[in-house]
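Spelled out from the first residue to the last, the chains are:
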Amino acid sequence: MSEPLVVIGNGMAAARLVDEIARRALGRYAVAVIGEEPRLAYNRVLLSSLLADEIAAADVELRPARWWRDRGVTLRYGAPAVAVDLGTRTVTLADGTALGFSKAVFATGSRPIRLGLPGMELPGVMTFRDIGDVDAIRARAAAGTRVVVIGGGLLGLEAAHGLAKAGARVVLVHLMDRLMERQLDDVAAAMLRRAVEARGVEVILAAETARIVGSQRVEAVELRDGRSLPADLIVMAVGIRPNAELAVAAGLRVNRGIVVDDGLATSAEGVFAIGECAEHRGQCYGLVEPAYEQAAVLARRLAGGAARYPGTVLATNLKVSGVDVFSAGDFLGQPGAEQIVLHDPGLGVYRKFVIAQDRLIGAVLYGDTSDALWYLDLIRAGRPIGSFRDDLAFGRAIVDRAAA
Ligand SMILES: Cc1cc2nc3c(=O)[nH]c(=O)nc-3n(C[C@H](O)[C@H](O)[C@H](O)COP(=O)(O)OP(=O)(O)OC[C@H]3O[C@@H](n4cnc5c(N)ncnc54)[C@H](O)[C@@H]3O)c2cc1C
């Protein structure tokens, strides 16, 4: 008889896990997937393109209903799990249904951080995490709508771009003194700022939001320095927090996220966690690639293998059309690291490579990111680069030609 496996969360990590299990151990598990959102799993990464009207809503679906049916998966979406009992080994859903499990996987992702500011409860303050958010933002953002986006990271920039494209008057407010400070150095961030401003987004850096002002609904954002920015809509994109409350209540070990070992196992026997809700070696990831790698490792283990997850070297691509930005690894450079920089402001090209002990450990590319994957492979493989270091900055084609 198949072993009951319950996956809590119906997002990108869960969908990939089911896919991997179906390919490796179909029939070994009776899989049930529980999703809070009232729809099939979709590609969250594409929400920025959906907001920018570059794709249709149907394009984000990861797998059609038939795909799940064909794999014998019981799908329960629109009903969040509200309790996990490790003693009786049951998961209870909000509608009262109880599902028994032999093994369970938390794949509950993250939720957006909402700053504890006065006025946050006013209608018109939104976050940008799921399809419901995109629908709500689009319903309010017509041409000429005044929007303040709070947060100059990847999500804030993509939201600002999408809204400006739709004709909204967008101001992006960022606490730090450069955009995407966790992925870009000063030079690349300044180039990005100019490109974003050229696309109609006003950028205000080093600006702390003090409160949201309005009587019946949002009217303005007030900054600590006293400036007031008129706003009909506010999109808050200041970071994410792992959804781990259910795991805490179940008695699992949780720091920031649900603590897992290299086998993605939590502190409880037969209970695992993957994706943004998991904390591995002290790190909670906020990108999809680690989630997919974790899903693949866990599926191999559930199929009887001995795979281990060593962590992921992160890489980021910004999805703002016409602005090509890539960053990976240690892009600032630890003490003692060397840097190769190629910068042509006229062409709008910037390439920075951080090297330590004859290996590429980080890179930032702005303007031309066509070799991004090649650089990422070099970083991940930790291959010595001494034999082609003089050509490294010029890209793969030059390196290959020199080697031929
Ligand atoms: C607009 C946007 C753009 C992005 N762009 C990129 C990008 O360019 N590159 C990149 O790598 N990453 C990007 N990301 C991040 C990426 O989408 C996430 O890393 C990825 O979705 C993580 O997968 P996950 O399964 O862990 O979480 P999710 O995809 O969030 O799935 C978790 C699911 O669990 C559900 N859930 C939570 N609690 C419960 C419960 N108690 N019961 C049942 N269900 C529950 C949630 O509702 C959610 O549907 C982007 C994210 C957003 C929002």
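Residues numbered from 1 in each chain as written. Predicted model: local features only at pLDDT ≥ 70, side-chain atom pairs only at ≥ 80, totals over all residues. Heavy atoms only, no water.

1. Some thoughts on the site of the ligand
And step 1. Taken together, 32 residues are adjacent to the ligand, and Ala 13, Glu 37, Arg 129, Glu 276 and Lys 319 come closest.
And step 2. For the ligand, a nitrogen atom lies 3.0 Å from a polar atom in the backbone of Glu 36.
And step 3. With the chains in place, 92% of the 990 Å² that the ligand exposes on its own is no longer accessible.
And step 4. Put simply, the parts of the chain that give the shell around the ligand at least two residues each are helix H1 (12–25), strand E2 (29–35), helix H2 (47–51) and helix H5 (154–165). (Near = heavy atom within 4 Å. Polar contact = N/O pair within 3.5 Å; in protein donor to acceptor, adjacent residues only side chain to side chain. Areas by Shrake-Rupley, 256 points an atom, 1.4 Å probe, with all protein chains shown as cover. Helix = DSSP H or I, 4+ residues; strand = E, 2+ residues; numbered from the N terminus.)

2. Focus: the packing of aromatic side chains
And step 1. Under the definition given, this model contains 5 aromatic pairs.
And step 2. Plain terms: the ring middles of Tyr 285 and Tyr 309 are 6.5 Å apart, the flat faces sit at 80° to each other, and that makes the pair edge-to-face. Here Tyr 285 is found in the loop between strand E20 (278–280) and helix H8 (288–302), whereas its partner Tyr 309 is found in the loop between H8 and strand E21 (315–317), with 24 residues between them in sequence.
And step 3. Relative accessible area serves as the criterion here: at 7%, Tyr 285 is assigned to the buried category.
And step 4. Here Tyr 309 falls in the buried class, since its relative accessible area comes to 1%.
And step 5. Where Trp 374 meets Phe 388, the ring centres are 6.1 Å apart and the plane angle is 45°; that geometry is what we call tilted. Of the two residues, Trp 374 sits in helix H9 (residues 372–381) while Phe 388 sits in the loop between H9 and helix H10 (396–403), which places them 14 residues apart along the sequence. Side by side, Trp 374 and Phe 388 carry an identical accessibility label, which is buried.
And step 6. Chaining the aromatic ring pairs together yields one cluster made of Phe 353, Trp 374, Tyr 375 and Phe 388. (Phe/Tyr/Trp six-rings, centres within 6.5 Å; stacked < 30°, edge-to-face > 60°. Buried < 20%, exposed > 50% of the residue type's maximum accessible area, 1.4 Å probe, protein only.)

3. A closer look at the sheet that holds strand E16 (residues 233–236)
And step 1. Spatially, 5 strands are ordered E9-E16-E10-E11-E12 in an open sheet, and the strand pairing comes out parallel. Edge positions in the open sheet fall to strand E9 (125–127) and strand E12 (201–204), since each of these has one partner strand only. Direction aside, neighbouring strands of the sheet carry axes that sit 25° apart on average.
And step 2. Pairing geometry for strand E10 (residues 146–150) and E16, over 4 bridges, is parallel. Counted as the bridge partner of Ile 150 is Met 236 from E16.
And step 3. Sheet strands in contact with helix H4 (residues 131–140) are E9 and E16, and its direction is about 140° off that of E9. (Pairing = 2+ DSSP bridges. Axes fitted to C-alpha atoms, helices over the stretch in contact; angles between N-to-C directions. Contact = heavy atoms within 4.5 Å.)

4. Points about the pattern of salt bridges
A pair can form between side chains of opposite charge whenever their charged atoms are brought close.
And step 1. Summed over the entire model, instances satisfying the criterion amount to 25 salt bridges.
And step 2. With its nearest N and O atoms 2.8 Å apart, the salt bridge here joins Lys 103 to Glu 3. Here Lys 103 is found in strand E7 (residues 103–106), whereas its partner Glu 3 is found in strand E1 (residues 3–8), with 100 residues between them in sequence.
And step 3. Here Asp 185 and Lys 352 are joined by a salt bridge, their closest N and O atoms 3.2 Å apart. Highlighted residues: Asp 185 in the loop between strand E11 (169–173) and helix H6 (186–198) and Lys 352 in strand E24 (residues 349–356), separated in sequence by 167 residues. (Salt bridge = Lys/Arg side-chain N within 4 Å of Asp/Glu carboxyl O.)

5. A few points about empty space enclosed by the protein
And step 1. Going through the model one piece at a time under the given rule, you end up with 1 cavity of 30 Å³ or more.
And step 2. Put simply, the largest cavity is a space of about 40 Å³.
And step 3. In terms of lining, the largest cavity is formed by Pro 112, Ile 113, Phe 128, Arg 129, Leu 155, Met 236, Ala 237, Val 238 and Gly 239.
And step 4. By residue class, the composition of the lining of the largest cavity is 7 nonpolar, 1 polar and 1 charged. (1 Å grid on protein atoms, 1.4 Å probe; cavity = no way out; pocket = protein on both sides within 12 Å on 5 of 7 lines; lining within 4 Å. Points joined across faces, edges and corners; volume = space filled by probe spheres on them. Nonpolar A, V, L, I, M, F, W, Y, C, P; charged D, E, K, R; others polar.)

6. Brief notes about the side chain of Thr 316
And step 1. Mapped onto the secondary structure, Thr 316 falls in strand E21.
And step 2. Ignoring any residue separated from it by four or fewer positions in sequence, one finds Thr 316 in contact with Leu 154, Met 180, Gln 183, Leu 287, Val 325, Phe 326 and Ser 327.

7. A short note on the pairing of strand E23 (residues 338–344)
And step 1. Of the strand pairs in this sheet, E23 and E24 are connected by 7 bridges, and their pairing is antiparallel. Bridge pairing in E24 places Ile 340 opposite Phe 353.
And step 2. The hairpin formed by E23 and E24 contains 4 residues between the paired strands, and Gly 348 there has a positive phi angle of roughly 70°.

8. What to know about the sheet that holds E21
And step 1. The sheet built from 5 strands is open, its strands ordered E21-E22-E25-E24-E23 with antiparallel pairing. On the outer flanks of this sheet lie E21 and E23, each paired with one strand and no other. Along the sheet, successive strands turn relative to each other by an average axial angle of 10°, direction set aside.
And step 2. Note that E21 and strand E22 (residues 325–329) share 3 bridges and pair antiparallel. Each bridged residue has a counterpart across the sheet, and for Asn 317 the counterpart in E22 is Phe 326.
And step 3. Most of the contacts of H6 go to strand E25 (residues 359–366), to which it runs at about 20°, and overall it touches E22, E23, E24 and E25.
And step 4. The sheet strands contacting H9 are E21, E22, E24 and E25, and the helix crosses E25 at an angle near 160°.

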